[in-house]
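Listed below, chain by chain, are the residues.
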Amino acid sequence: MITLTGNFEALTGTGNGYVILTLINYGTNIPRLYGGGVIVNPVYQTSPGANFSVNLWGNDAITPANTYYQVSFYGAGQSLIATEIYQFNGSGTFDLSEVTPIVVTASVPLGLAAVAYSGSYTDLSNRP
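Please read these numbers as outputs of a predicted model, since none were measured by experiment. (Residues numbered from 1 in each chain as written. Predicted model: local features only at pLDDT ≥ 70, side-chain atom pairs only at ≥ 80, totals over all residues. Heavy atoms only, no water.)

1. Observations concerning the sheet that holds strand 9 (residues 68-75)
Hydrogen bonds between backbone groups are what pair the strands of a sheet, and the pairing can be parallel or antiparallel.
Logical step 1: Spatially, the four strands line up as an open sheet ordered 6-4-9-10, and their pairing is antiparallel. Each edge of the sheet is formed by a strand with only one pairing partner; in this case those strands are strand 6 (43-45) and strand 10 (80-86). For this sheet the average axis-to-axis angle between neighbouring strands, irrespective of direction, equals 15°.
Logical step 2: As paired elements, strand 9 and strand 10 share six bridges and run antiparallel to each other. The partner of Phe73 across the bridge, within strand 10, is Ala82. (Pairing = 2+ DSSP bridges. Helix = DSSP H or I, 4+ residues; strand = E, 2+ residues; numbered from the N terminus. Axes fitted to C-alpha atoms, helices over the stretch in contact; angles between N-to-C directions.)

This is the structure:
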């Protein structure tokens, strides 16, 4: 397991807020621990306050592979401040002020690309 920590700052000093952590990118599969049980609640919300500490399973302990955590930061007034994607591997303590979010690029399998189209349609399937 890992421990994820962080704190909220305001322009005038200590701030208050909360974080919602959502396990993502497991598709239609049920997220599980390698050699263990099912992850029954892939969403966790911290208590409001100036700081937080959460124990989570590392992404390398979860199957299917390549899961991520979407971390949404909310201010005291319940307004969304930002959403970032993180992947945590191994064990230990991670302070969100010292961890770089990752950029996830989605790939579309061949033959499944969606195209937005407006206008008329001409069937060219029977043309030489």
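Let us keep going from here.
2. Focus on the side chain of Ser72
Logical step 1: Assignment of secondary structure puts Ser72 in strand 9.
Logical step 2: With sequence-adjacent residues up to four places away left out, Ser72 is seen in contact with Tyr18, Val19, Ile20, Leu80, Ala82 and Thr83. (Contact = heavy atoms within 4.5 Å.)

3. Thoughts on the environment of Phe52
Logical step 1: Its location among the elements puts Phe52 in strand 7 (residues 51-56).
Logical step 2: Classification of Phe52 as buried rests on a relative accessible area of 8%.
Logical step 3: C-alpha separation for the pair Phe52 and Phe8, spaced 44 residues apart in sequence, amounts to 8.8 Å.
Logical step 4: Beyond its immediate stretch of four places on either side in the chain, Phe52 contacts Leu4, Thr5, Gly6, Asn7, Phe8, Val19, Thr46 and Leu96. (Buried < 20%, exposed > 50% of the residue type's maximum accessible area, 1.4 Å probe, protein only.)

4. Observations concerning the packing of aromatic side chains
Logical step 1: In this structure the tally under the stated criterion is five aromatic pairs.
Logical step 2: Consider the rings of Phe8 and Phe52, whose centres lie 6.1 Å apart with planes at 50°: the pair is tilted. Here Phe8, found in the loop between strand 1 (2-7) and strand 2 (9-10), pairs with Phe52, found in strand 7; they are 44 residues apart in sequence, far enough to count as distant.
Logical step 3: Their ring planes at 10° and their centres at 5.7 Å tell us that Tyr86 and Phe88 sit as a pair that is stacked. We note that Tyr86, like Phe88, is buried. (Phe/Tyr/Trp six-rings, centres within 6.5 Å; stacked < 30°, edge-to-face > 60°.)

5. Points about the confidence of the model for the protein
Logical step 1: Put simply, the protein has an average pLDDT of 83, and 82% of its residues get 70 or more.
Logical step 2: With pLDDT under 50 throughout, residues 108-128 is counted as low confidence; its partners more than four residues away or in other chains account for two contacts. (pLDDT = per-residue confidence, 0-100.)

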